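# Descriptive structure summary
So the chains spell out like this:
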Amino acid sequence: MAAMNLVSAGVHSFNLKAGKGFSISKPKGCKLGPRAALVEAGPRGDGSPAALQVSRGDLAADLQAEARAMARAANASVYSPELLANKYGSRPVQAAKRTLEILVALGSFALQLLVDQRNGTLDRNKRKRAIKLKGIFTRLGPTFVKLGQGLSTRPDLCPPEYLEELAELQDALPTFADADAFSCIETELGMPIESLFSSISPSPIAAASLGQVYKAQLKYSGQTVAVKVQRPGIEEAIGLDFYLIRGLGFFINKYVDIITTDVIALIDEFARRVYQELNYVQEGQNARKFKKLYADKEDILVPDIYWNYTSGKVLTMEWVNGVKLNQQAAIESQGLKVLDLVTTGIQCSLRQLLEYGYFHADPHPGNLLATPEGKLAFLDFGMMSETPEDARSAIVGHVVHMVNRDYEAMARDYYALDFLSTDVDVSPIVPALRDFFDDALNYTVSELNFKTLVDGLGNVLYQYPFNVPAYYALILRSLTVLEGLALYADPNFKVLAASYPYFAKRLLTDPNPYLRDALIELLFKDGRWNRLEDLLIEGRKDRDFSAKDALQPVLRLLLGPDGEELRNLTIKEAVRVTEAIVLGSVADTYNSAPSFIQTLMINGNGNGALAISTADLEATMELRNQVFRIWGLLSSSENFDPALLQPILQVLQQPEGRSLGGRVVGGVTQRLAARLLQQLLRTPTVPTSSSL
């Protein structure tokens, strides 16, 4: 859906004649409580009569209003292949006419592909053909516009050139008659339009494939709203198209071997989502859920829903003054920065993907507005999707395996992510992953381009029997869109760099056992303290990071009954760190002592008082300094409280804790004793340097 609410300047409206208002009464016995989170929103921060709206009180009244809206949408259509087959199977003439129209359009495109293949120009003409296909989908109408947008998220079905061009498909279709829209409003809400609104724009301020939007003012409260009205006959149009497309899917599944994905399953999933968009009450409920989960951040805005003015085909929501996120000049003229807004969008997208798994599945620029206050407003909640809980953890694990360049584990991750059937052998995929990621990972996080990463991975997916789940493809599209918007403002912007603080904070603070294992794997496979320091540096950039959240899950795991493996790793590291601190202190003492004291300390041994090489001493000092820096990062973070370390002291008093402490002390003692013995057995030489 194109932008639901645009900058209000320049939009004219006409006044409607007086009529009875749309009254909202408070049920008996209900006391007005705190403002309900989402529905029936009144004006913000003013004292107009709209303050009497139920939005400032009474959750019960809000729920009743929503229930009435649901009743008005009781006959909303749902996708059913069987019902479509029964309906249009008995209309052969209508089906044949539309089939001919589609076949002529797509047949000419297929013929061009065949000619390209015979001439050996298939690869060279990919971009040209992708542009052609985009135009065909636009001409064929709403269903194919939606289909093109869906294909733009499927790297397992389309080459990168097609993904890029189809991603540009916008819902900008010709508007339908205003008289039809106003008639729909009256029919759906059961009242004359002049009784509902004191003014409404004479023409739509936005049009899309499924509906168009008007700006209006509620007669009862004076609140400015956006009224979205469904396109007449849209159910009939998309129903016939999906019936025909599904028939084509049967043909592809049976005869087209190059496409390994179950096309029928994809069509059914996509059709269900489009039909859900036709139920505007469902869209309102989606907006409510999205706001509850994500609009708790001060820089995210989700418009409120007016349930008493909403039905299956009419959606009324709070008007948002704002500028589309791809209009850089207009945004900067308000003193805002596109990159700040994009970063906010990235952080919100990652929360959608990795925290609750409920996310906006249609994130094109028209659905993202920059408000004058600097907030990022999300619009159009008709198409939503969910990430399974197991997949959220698997995605994090996949990233850890990528950082560790463990391509065998990466390939196995595709089972957990439902990319591959468990009967598919992943061993041939490993070399392809290694070839691509070995080059891609040579870039630093700040240099790596997300689009390059997605395109490269898409090439791998396209060559092997992958079936990319809809949730994964859609979230990749979301991040790619956001990076594309940022690149207009700054060609050097990298979405991965902007994502890393959130990812680091999540990996450090989430108590999920899978993520705890991922953190251990990340820290203890070669990187150790370097990676921990990097994670803390980046994690602190996230506004929600706190040392308490970062330490407590690790402490619980370390000191818990299932932490033996981590304790063994921790003991080894604790021995190294303690030794480094002791040796570092000795080295500092030695270097600060007068030269004659240094001579006495080394006792004539030119290798130094602790018999340690220069390289080893430098490495030891760097480890000690790194540990001190990490402690500084933790202790200087917001809300740091030394009391959070108290569980360590409590556990050390228990038998398991005393054993842990004793193993660390024993290890340190053994290493220092070995160094001392090595020192004593060395042949004294004349000192050649005053350094340790």
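Description of the structure in this document. Because the structure is a prediction, the values reported are computed rather than measured.

## Remarks on the sheet that holds strand β11 (residues 376-378)
Strand order in the open sheet made by the four strands is β6-β11-β10-β8, with mixed pairing throughout. Each edge of the open sheet is held by one strand with a lone partner, namely β6 (300-301) and β8 (323-324). Pairing of β8 with strand β10 (residues 368-370) involves two bridges; the strand directions are antiparallel. Directly across from Val-323, in β10, lies its bridge partner Ala-370. Helix α13 (residues 338-356) rests against β6, β10 and β11 of the sheet, and its axis sits at about 45° to β11.

## Side note on the packing of helix α2 (residues 81-89) against helix α9 (residues 234-255)
In the contact formed by α2 and α9, the axes pass within 10 Å of each other and the chain directions differ by 100°. Between α2 and α9, the angle falls in the class roughly perpendicular. Along the contact surface, α2 presents Pro-81, Leu-84, Ala-85, Lys-87, Tyr-88 and Gly-89, while α9 presents Glu-235, Glu-236, Gly-239, Leu-240, Phe-242, Tyr-243 and Arg-246. Taken together, the residues of the contact of α2 with α9 break down into seven nonpolar, two polar and four charged.

## With respect to the side chain of Ser-221
Mapped onto the secondary structure, Ser-221 falls in the loop between β4 (211-218) and β5 (224-230). Reaching out from Ser-221, the side chain makes a polar contact with the backbone nitrogen of Gln-223 at a distance of 3.2 Å.

## Focus: the packing of helix α11 (residues 280-294) against α13
In the contact formed by α11 and α13, the axes pass within 11 Å of each other and the chain directions differ by 95°. The angle between the axes of α11 and α13 places the two elements in the roughly perpendicular class. From α11, Phe-290, Leu-293 and Tyr-294 reach across to α13, where they touch Cys-348, Arg-351, Gln-352 and Tyr-356. Tallied by class, residues from the contact of α11 with α13 come to five nonpolar, one polar and one charged.

## Here we look at the environment of Leu-485
Its place among the elements puts Leu-485 in helix α18 (residues 470-489). Sequence separation between Leu-485 and Leu-341 is 144 residues, and the spatial gap between their C-alpha atoms is 10.0 Å. Beyond its immediate chain neighbours, meaning those up to four positions away, Leu-485 contacts Leu-325, Asn-326, Val-338, Val-342 and Pro-365.

## Thoughts on the environment of Leu-482
Locating Leu-482 in the fold gives a position in helix α18. Its relative accessible area of 3% is what places Leu-482 among the buried residues. Counting along the chain gives 140 residues from Leu-482 to Val-342, while the straight-line C-alpha distance between them is 6.1 Å. Residues within four places of Leu-482 in sequence aside, it is in contact with Leu-325, Val-342, Gly-345, Ile-346, Ser-349 and Leu-368.

## Observations regarding helix α4 (residues 126-140)
Here α4 spans 21 Å end to end across 15 residues, near enough to the 21 Å set by a 1.5 Å rise per residue. For α4, the full list of buried residues reads Lys-126, Arg-129, Ala-130, Leu-133, Lys-134, Ile-136, Phe-137 and Leu-140. All buried residues of α4 fall inside an arc of 165° around its axis, so they share one side. Across α4 from its buried face, at more than 90 degrees, point the exposed residues Lys-128 and Arg-139. Contacts from the buried residues of α4 go to α3 (92-119), α5 (142-151) and α6 (160-166). Once α4 finishes, Gly-141 follows within two positions and takes phi at roughly 105°, a positive value.

## Re the pairing of strand β7 (residues 314-318)
Within β7, five of the five residues are buried, which leaves it mostly tucked inside the rest of the structure. Pairing of β5 with β7 involves five bridges; the strand directions are antiparallel. Among the inter-strand pairings, Val-227 is bridged to a residue of β7, identified as Thr-316.

## Focus: the nonpolar core
The nonpolar side chains of soluble globular proteins are, as a tendency, buried together. Counting residues in hydrophobic clusters, the biggest one holds 120 residues, and the most contacted among them are Phe-242, Leu-325 and Leu-433. The dominant element in this core, judged by the number of residues it contributes, is α18, at ten residues. Counting residues in each nonpolar core, the second largest holds 20 residues, with Leu-189, Ile-193, Phe-197 and Leu-218 among its members.

## What about the pattern of salt bridges?
On inspection of all chains with the given rule, the structure shows 19 salt bridges. Salt-bridge contacts for Lys-146 lead to Glu-277; the nearest nitrogen and oxygen are separated by 3.3 Å. In this pair, Lys-146 is assigned in helix α5 and Glu-277 in helix α10 (residues 263-277), connecting sequence segments 131 residues apart. By the burial criterion, Lys-146 is buried, and Glu-277 matches it. Among the salt bridges present, the one from Glu-408 reaches Arg-434, with a minimum N-O distance of 3.2 Å. Here Arg-434 lies in helix α16 (residues 429-440) and Glu-408 lies in helix α15 (residues 407-416), a separation of 26 residues in the sequence. Linked by salt bridges that have partners in common, Lys-87, Arg-91 and Glu-236 make up one network.

## Looking at the side chain of His-360
Within the secondary structure, His-360 is located in strand β9 (residues 358-360). What makes His-360 buried here is its relative accessible area of 3%. Looking at His-360, its side chain comes within polar contact range of the main-chain oxygen of Leu-379, at 2.7 Å. Within polar-contact distance, the side chain of His-360 engages the backbone oxygen of Asp-380 at 2.8 Å. If we ignore the near neighbours within four places in the chain, the residues touching His-360 are Phe-290, Gln-352, Asn-367, Phe-378, Leu-379, Asp-380, Phe-381, Met-383 and Met-384.

## A word on unusual backbone geometry
Non-glycine residue Asp-380 carries a positive phi angle of around 60°. One can find Asp-380 in the loop between β11 and β12 (384-386). Positive phi, close to 65°, is recorded for Asp-418, a residue that is not glycine. Locating Asp-418 in the fold gives a position in the loop between α15 and α16.

## Quick look at the environment of Asn-326
Within the secondary structure, Asn-326 sits in the loop between β8 and α12 (328-332). Under the relative-accessibility criterion, Asn-326 is labelled partly exposed at 42%. In the structure, Asn-326 is positioned 43 residues away from Leu-369 in sequence and 8.8 Å away in space, judged by C-alpha atoms. Contact partners of Asn-326, with chain neighbours within four places excluded, come to Pro-365 and Leu-485.

## Examining a nonpolar patch on the surface
A grouping of Leu-111, Leu-114 and Val-115 is seen on the molecular surface, where their side chains present a nonpolar patch of about 250 Å² in accessible area. Following the sequence through the fold, Leu-111 ends up in helix α3.

## Structural notes on α9
Between its first and last C-alpha atoms α9 spans 31 Å; for 22 residues at 1.5 Å apiece the expected length is 32 Å, and the two agree. Of the residues making up α9, those classed as buried are Ile-234, Ile-238, Gly-239, Leu-240, Asp-241, Phe-242, Leu-244, Ile-245, Arg-246, Gly-249 and Ile-252. Those residues of α9 that are buried are in contact with α2, α3, α5, β5 and α10.

Definitions and limits used
- Residues numbered from 1 in each chain as written.
- Predicted model: local features only at pLDDT ≥ 70, side-chain atom pairs only at ≥ 80, totals over all residues.
- Heavy atoms only, no water.
- Pairing = 2+ DSSP bridges.
- Helix = DSSP H or I, 4+ residues; strand = E, 2+ residues; numbered from the N terminus.
- Contact = heavy atoms within 4.5 Å.
- Axes fitted to C-alpha atoms, helices over the stretch in contact; angles between N-to-C directions.
- Parallel < 35°, antiparallel > 145°, perpendicular 65-115°, else oblique.
- Nonpolar A, V, L, I, M, F, W, Y, C, P; charged D, E, K, R; others polar.
- Polar contact = N/O pair within 3.5 Å; in protein donor to acceptor, adjacent residues only side chain to side chain.
- Buried < 20%, exposed > 50% of the residue type's maximum accessible area, 1.4 Å probe, protein only.
- Expected span 1.5 Å × (residues − 1).
- Arc of directions from axis to C-beta.
- Core = buried A, V, L, I, M, F, W, Y, C linked by side-chain atoms within 4.5 Å.
- Salt bridge = Lys/Arg side-chain N within 4 Å of Asp/Glu carboxyl O.
- Patch = residues over 30% accessible without salt bridge, like charges linked within 9 Å, V, L, I, M, F, W, Y side chains within 5 Å.
- Areas by Shrake-Rupley, 256 points an atom, 1.4 Å probe, with all protein chains shown as cover.

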